[in-house]
Structure formats: C-alpha cells, structure tokens
Amino acid sequence: MPAYLDNAATTKPCEEAVAAALAAMTDNYGNPSSLHRVGLNAELAVTEARKSIAAALVCLPECITFTSGATESNNTLIIGAAEHYGKRKKKIVVSAIEHPSVEESMKYLEKNGFEVVRIKPQKTGEIDADEFIAAVDYNTVLASCMLVNNETGAIMPVKKIFTQIKRSYPDCITHCDAVQGFLKIPIKTADLNADLITVSGHKVHALKGVGAMYIKKGIRVNPRMLGGGQEKGMRSGTESVPLISAFGAAVRAQLQTIPTAWSNAEELNNRLRKKLAALDYITINSNAEDQCPFILNFSVKGIRSEIMLHFLESKNIYVSSGSACSKGSHSSVLTAMGIPDKVADSAIRVSFSRMSSCGEVEALATALQEGYMSLAKR
Ligand code: PMP
C-alpha cells in the first residue's frame, strides 16, 4: 500500500465526487445556459453544488462563483478588487508567505502603479496580527492574508486582522486565500470579516480544475473572464458541470465531519512529531502551536529534500519538498521565517488528509530512519 502524504499538493477524489462527475458526464451533460430541460437539469446540478459550498462557508449561495481553481480565484479577486476600488487608493497589505497565485497577482499590481507592503512571518511561521494591522491605513485598498500556510501549516490570525481593519477602515477590502483551511477549520464568513475568499476543489477530495470564490454582497470585483456572462457575469465560460458537481458532492460528504477529520489529523501529526523529536538529525520547522495538524514540515540534517523525497518514493511513500508549486526552487516561506538556507534545502512537507492512517505515519517514520542511515553515509 502506498503512503500518500502529499495532500496539501492534491488529494485523492472521494467516491462521492467521482460519482457526481460521472453522472454529469454520462446523464446530466447539458449546458446550464440552455433553455430546455437538459440545460435546466445541468443548471440544477450547479445550483446544488453552489448551495453546498455556501453551506461550508456559511454564506449566501449567490455569493459563490465557480472558477477553474484557486489560482484563478486569487487572480480574479485580487486584481479585480484592486482595479475596481483602487483608482485613488494605491496601497495593498499582504502577508509575505502567500501562495504564488497571490504573490504574482501582487507583482502584477505593483507593475501597474500599486504599492504592496508585505508582512513577514514570525519565527513560528505566523503573521503578527498587530504588525499587519499597523501597516493598513486610509490609503489601503486591499488587505490579503491566507488562512493556513501551505508549506508549514501555520494558522494565521485572519479573523483578528480583518476584524480590526474593518473597525478602523471599513472601506478596505479584505481577501483570504482559505485553500488549506477549507473543510479543516470551520469557516464562518461573517465572523472572519472577509469580503473575498478563495477555495479550491482538488485540496478537498474533489477534482482538479475547479475552485470557487466568495464575494460579499455589495462588493464589486472586475471580472477577468469576459464572454457569455455566466456566473452573473463574474466568470464567463460554460460551467464545467462535472467538476462543479464533484466539488459540491465532496463538500457535502465532509461537512458534518470536520471535527473528526481534525482529531484524526491531530493524532497522526502528534504521532509523527513524537517520533521525529526523538531523532537528533531532524529539525521540525512547523510550530507546535496555532498549527493546522494536516501539515508538518521538517528538515533532515545534511540531506537535500529531493534526495530524501526520492528515497521515500522508492519505498512507496509520497511527500513533498517545500511546496509542489515552487518545484525545485528555494522555499521563500521557510526563508521568510528566518530558517537558514541549509535547513530549508532539506525540508520535507508531510501533509495528511481525512483518508490518512497511522500505518502511513509508521511507514514514513521507519523509511526516514532507513533513508538517513543510508544517505548520510555517502
Ligand atoms: N492557494 C494555496 C494556499 C494553495 O495551497 C494552492 C495550491 N497549491 C493554491 C492557492 C492554488 O490552487 P489551485 O491548484 O486550485 O489553483
């Protein structure tokens, strides 16, 4: 049995998601915009999925727009909000450890006349709420902070940051990339004080190529996809009914068991942490507190990430070096936390899902020791 421990990169689709996608491909294959019954049935499937995502975010279904994934959601929300509201206000405050789909959107806006202030994390990997809040002023059009970091699992104090920002600067738009926290940490949109939220399907046992964005009622975002006006003009293009249906089905299948999934991940994380703490050649990079248990990042002394990754692969164990999105390159997240290059170069990210088991953790711990013994000698 393979030990798939790279769930922050992507997850295995659940049975419910696969069944829903199959039904939409075989029977319910209409175009939701068509006026006849076949079209209507497809539209109903999209509506049902929209309700499910809305239920998970505790918001109105009409606030949910489907996209091709979190990359598109982040691009659209950040650039679209900055363009709409940023005629005079030109400052944006963002954490320095965002996913590239956020960071590259920021770089694009910088080239187009915006000033971007990046808030570095503390040694723990967490953003200091007060430091973030202090950087926001009357000239700030947008504040963006992720919920859970995809490399370390650190949970950011987003609720505290956004609540304070809204109190002092109600016109500042707040955006949260909630991809790694969705269906892991219960999210109540109103509590979070986020105007805009990004989520992705394939991180929650749905399929690749689908995501969603939450846009608070009354908030305007310039669309990036122009055409037939689908999704109330926010995202033109014929809706991918199979992918959207699968996303909805996956969410429905998991919504009631968020606490159980969390405890399972916590148990696995603690088990692995304990084993790693006993090995003097391992440094744990993920902080012990304010941490999402689905991700654990550590470094193996003197062995580059890729070398260990491929050793583990030879044992049928699949992990990641840093984040799968920054393939081969240095982890800017670990560097921003002040972790020395040598340690960052040997970082391994283990990420659990609700399908992960103790057996997988045991297999990983054994293989890591074997790997160190054989690789360190070379
Ligand atoms: N944001 C975060 C925090 C992520 O971890 C990822 C996926 N690595 C994305 C955005 C991009 O998601 P997608 O693959 O759906 O575009």
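About the criteria used
- Residues numbered from 1 in each chain as written.
- Predicted model: local features only at pLDDT ≥ 70, side-chain atom pairs only at ≥ 80, totals over all residues.
- Heavy atoms only, no water.
- Helix = DSSP H or I, 4+ residues; strand = E, 2+ residues; numbered from the N terminus.
- Buried < 20%, exposed > 50% of the residue type's maximum accessible area, 1.4 Å probe, protein only.
- Lys, Arg positive; Asp, Glu negative; His and termini not counted.
- Salt bridge = Lys/Arg side-chain N within 4 Å of Asp/Glu carboxyl O.
- Polar contact = N/O pair within 3.5 Å; in protein donor to acceptor, adjacent residues only side chain to side chain.
- Contact = heavy atoms within 4.5 Å.
- Near = heavy atom within 4 Å.
- Areas by Shrake-Rupley, 256 points an atom, 1.4 Å probe, with all protein chains shown as cover.
- Nonpolar A, V, L, I, M, F, W, Y, C, P; charged D, E, K, R; others polar.
- Domains from an automatic or database assignment.
- Buried area = accessible area lost by both parts, 1.4 Å probe.
- Expected span 1.5 Å × (residues − 1).
- Pairing = 2+ DSSP bridges.
- Phe/Tyr/Trp six-rings, centres within 6.5 Å; stacked < 30°, edge-to-face > 60°.
- Lys NZ or Arg CZ within 6 Å of the ring centre and 35° of its normal.

What to know about the side chain of Glu-98
Among the structural elements, Glu-98 can be located in the loop between β3 (91-95) and α4 (100-111). Put simply, Glu-98 is tucked away with no salt bridge, and the nearest opposite charge, on Arg-118, sits 9.9 Å away. Separated by 2.7 Å, the side chains of Glu-98 and Ser-95 make a polar contact. Here Met-146 takes part through its backbone nitrogen, which lies 2.9 Å from a polar atom of the side chain of Glu-98. If we ignore the near neighbours within four places in the chain, the residues touching Glu-98 are Ser-144, Cys-145, Met-146 and Asp-177.

Considerations on the site of the ligand
In the neighbourhood of the ligand, 15 residues make up the surrounding shell, with Thr-71, Asp-177, Gln-180, Ser-200 and Lys-203 lying closest. Ala-70 places a polar main-chain atom, nitrogen or oxygen, 2.9 Å from an oxygen atom of the ligand. Between the ligand and Lys-203, the relevant distance is 2.7 Å, taken from a nitrogen atom to a side-chain nitrogen or oxygen of the residue. Here the ligand has 390 Å² of accessible area as a free molecule, and 90% of this is covered by the chains. Of all the elements, helix α3 (residues 70-85) adds the most residues to the shell around the ligand, at three residues. In the shell around the ligand, the residues fall into four nonpolar, nine polar and two charged.

As for the domain arrangement of the protein
The domain architecture assigned to the protein consists of domain 1 (3-11 + 258-375) and domain 2 (15-255). The centre of domain 1, based on its C-alpha atoms, is set 27 Å off from the matching centre of domain 2. Opposite the 27 residues of domain 1 that make contact, domain 2 presents 30 residues. For the pair domain 1 and domain 2, the summed buried area comes to about 2600 Å², and 56% of that belongs to carbon and sulfur atoms.

Some remarks on α3
Residues spaced three or four apart along an α-helix point in a common direction, a consequence of the helix completing one turn every 3.6 residues. Helix length check: α3, at 16 residues, gives a terminal C-alpha distance of 22 Å against a target of 22 Å (1.5 Å per residue), a fit within 8%. Listing the buried residues of α3 in full gives Ala-70, Glu-72, Ser-73, Asn-74, Thr-76, Leu-77, Ile-78, Ile-79, Gly-80, Ala-81 and Ala-82.

Comments concerning unusual backbone geometry
With glycine set apart, most residues show a phi of negative sign, and most peptide bonds adopt trans. The backbone of His-205 shows a phi angle near 65 degrees, a positive value even though the residue is not glycine. A relative accessible area of 3% means that His-205 is categorised as buried. In this model, Glu-231 sits at a positive phi of 50 degrees, which is unusual for a non-glycine residue. Its place among the elements puts Glu-231 in the loop between β8 (211-215) and α8 (241-254). Among the residues examined, Glu-231 registers a relative accessible area of 9% and is labelled buried.

Remarks on the pairing of strand β2 (residues 64-67)
Both faces of β2 are covered, namely the face carrying Ile-64 and Phe-66 and the face carrying Thr-65 and Thr-67. Sheet analysis places β2 next to β8, joined by four bridges and oriented antiparallel. Paired with Thr-67 across the bridge in β8 is Gly-211.

Description of the packing of aromatic side chains
The full count for this structure, using the stated rule, is four aromatic pairs. Ring geometry for Phe-66 against Phe-247: centres 6.4 Å apart, planes inclined by 65 degrees, an arrangement best described as edge-to-face. Of the two residues, Phe-66 is situated in strand β2 and Phe-247 in helix α8; the sequence distance between them amounts to 181 residues. Plain terms: the ring middles of Tyr-281 and Tyr-372 are 3.6 Å apart, the flat faces sit at 0 degrees to each other, and that makes the pair stacked. Of this pair, Tyr-281 sits in the loop between α9 (258-277) and β9 (282-284) while Tyr-372 sits in helix α13 (residues 358-376), placing them 91 residues apart in sequence. Taken together through their ring pairs, the aromatic side chains of Phe-66, Phe-182 and Phe-247 make up a single cluster. Residue placement shows Lys-184 over the ring face of Phe-294; its charged tip is 5.3 Å from the ring centre. Over the face of the ring belonging to Tyr-108 we find Arg-224, whose NZ or CZ atom lies 5.8 Å from the ring centre.

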